[in-house]
Amino acid sequence: MLLYQRPTSGHSYKARLLLSLLGINYESVVITAKDGRNQVEDRYYDLNPRGQIPTLEDDGLVLWGSTAILVYLARRYDPSKSWLPEEPAQQAAVMQWMELAQNEVNGLFLSRAIQRFNYAGDLVAAQKAGNKALDILERRLSGNDWLAGRGPTIGDIACFPYAAVAHDNGFDLAARPAVQAWFSRIHRLPGFVPMPGMQELPSEGSVP
């Protein structure tokens, strides 16, 4: 299995995190970036027509995009079916949070990319969307340990990375204690690996 990725990419990290949580061995191919753009050769577009990351190769199958990769890994390599439940209502609940990750949470990605990696974009609009995403997560997690169901799912993994590094992009995480407690629960999952830039977190009980 090959994963084309970059350590600082939150989208790549989603795939790396689930691979680690599932105990799957893989080889990493690092894609560099300049001014917020991936530096890829023309042949990379044969694998991923968008020229983006991550891209996964597994036994002749090629998948691009973190959403597709998370769904594939959960369906093929999780015998418990807990990361993506099969029951329709539970599966739909997970996909709702995948939808948030592709929309409002994308504001957290854009804000980080604009400020740290010279990515072109509207910072004010990105910050507005990012704060909306954090508010939605805070409301949900104020009464629930996980975003969908009683345990962690790929919905949590999809929303987690850019929220977890939002502190270095001007977002106020101190005002979102339920989100911080969720971070701590994810950090304690067996097989958890961090993403560069993530802060070490206190135990859940000590989060204000």
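The structure under discussion appears in the preceding block.
Residues numbered from 1 in each chain as written. Predicted model: local features only at pLDDT ≥ 70, side-chain atom pairs only at ≥ 80, totals over all residues. Heavy atoms only, no water.

A. The nonpolar core, seen in detail. L73, W83, L137, I154, C159, F160 and W182 are the most contacted members of the largest nonpolar core, which has 56 residues in total. Secondary-structure elements contributing two or more residues to this core are helix 1 (10-21), helix 3 (66-77), helix 4 (88-102), helix 5 (106-117), helix 6 (123-141), helix 7 (154-164) and helix 8 (177-187). Sort the elements by how many residues they give to this core and helix 7 lands first, with eight residues. Aside from chain neighbours lying at most four places away, what touches L73 is M1, A15, L18, L19, L22, I24, L56 and D78. One finds Y4, Y44, L47 and I53 within the second-largest nonpolar core, a separate group that totals five residues. (Core = buried A, V, L, I, M, F, W, Y, C linked by side-chain atoms within 4.5 Å. Buried < 20%, exposed > 50% of the residue type's maximum accessible area, 1.4 Å probe, protein only. Helix = DSSP H or I, 4+ residues; strand = E, 2+ residues; numbered from the N terminus. Contact = heavy atoms within 4.5 Å.)

B. Region of interest: the environment of R43. Structurally, the position occupied by R43 is in the loop between strand 4 (37-38) and helix 2 (44-47). At a separation of 2.9 Å, a polar atom in the side chain of R43 contacts the side chain of E41. (Polar contact = N/O pair within 3.5 Å; in protein donor to acceptor, adjacent residues only side chain to side chain.)

C. Summary view of the pattern of salt bridges. For the structure on display, the rule yields five salt bridges. Of the charged contacts, one joins E41 and R43 as a salt bridge, the two residues approaching to 2.9 Å between their closest N and O atoms. Classification of R43 by relative accessible area gives exposed; the value is 61%. Here R76 and D58 are joined by a salt bridge, their closest N and O atoms 3.3 Å apart. With R76 in helix 3 and D58 in strand 5 (residues 55-58), this residue pair connects regions lying 18 residues apart in the sequence. The class of R76 is partly exposed, set by a relative accessible area of 46%. We classify D58 as buried; its relative accessible area is 7%. (Salt bridge = Lys/Arg side-chain N within 4 Å of Asp/Glu carboxyl O.)

D. Summary view of the side chain of R176. By the element assignment, R176 lies in the loop between helix 7 and helix 8. Residue R176 is classed as buried on the basis of its relative accessible area, which comes to 8%. Separated by 2.9 Å, the side chain of R176 and the backbone oxygen of D172 make a polar contact. The residues contacting R176, other than those within four sequence positions of it, are N131, L134, D135 and E138.

E. Structural view of the packing of helix 3 against helix 4. Orientation of helix 3 relative to helix 4, taken along the N-to-C sense of each, is 155°, at an axis distance of 11 Å. It follows that helix 3 is roughly antiparallel to helix 4 by the angle criterion. At the point where helix 3 passes helix 4, the crossing takes the right-handed sense. Across from S66, T67, L70, V71 and R75 in helix 3, the residues of helix 4 making contact are Q91, M95, M98 and Q102. Here the contact of helix 3 with helix 4 is composed, by residue class, of four nonpolar, four polar and one charged. (Axes fitted to C-alpha atoms, helices over the stretch in contact; angles between N-to-C directions. Parallel < 35°, antiparallel > 145°, perpendicular 65-115°, else oblique. Left-handed = near helix turned anticlockwise from the far one by under 90°. Nonpolar A, V, L, I, M, F, W, Y, C, P; charged D, E, K, R; others polar.)

F. Main features of the sheet that holds strand 1 (residues 2-5). Spatially, 2-1-5-6 is the arrangement adopted by the four strands of the open sheet, whose pairing is mixed. One side of each edge strand has no neighbouring strand; the edge strands of this open sheet are strand 2 (27-30) and strand 6 (61-64). The average undirected angle you get between the axes of adjacent strands in this sheet is 15°. Both strand 5 and strand 6 contribute to a ladder of four bridges, which runs antiparallel. By the bridge assignment, L56 is partnered in strand 6 with L63. Against the sheet, helix 3 makes contact with strand 5 and strand 6, and its axis sits at roughly 30° relative to strand 5, the strand it touches most. (Pairing = 2+ DSSP bridges.)

G. Summary view of the pairing of strand 1. Where strand 1 lies against strand 2, four bridges are found, and the strand directions are parallel. Residue Y4 lies in a different strand from strand 2, and its bridge partner there is V29.

H. Layout of helix 8. For helix 8, the tally of buried residues reaches nine of 11 residues, placing the bulk of the element in the interior. Residues of helix 8 that are buried include every one of A178, V179, Q180, A181, W182, F183, S184, R185 and I186, and no others. Of the surrounding elements, those touching the buried residues of helix 8 are helix 6 and helix 7.

I. Spatial organisation of the packing of helix 1 against helix 7. Contact geometry of helix 1 with helix 7 gives a least axis separation of 9 Å together with a crossing angle of 135°. As far as their axial angle goes, helix 7 and helix 1 are oblique. The chirality of how helix 1 crosses helix 7 is right-handed. Where helix 1 approaches helix 7, its residues G10, H11, Y13, K14, L17, L18 and L21 are matched on the opposing element by I154, I157, A158, F160, P161 and Y162. Of the residues assigned to the contact of helix 1 with helix 7, the class counts are 10 nonpolar, two polar and one charged.

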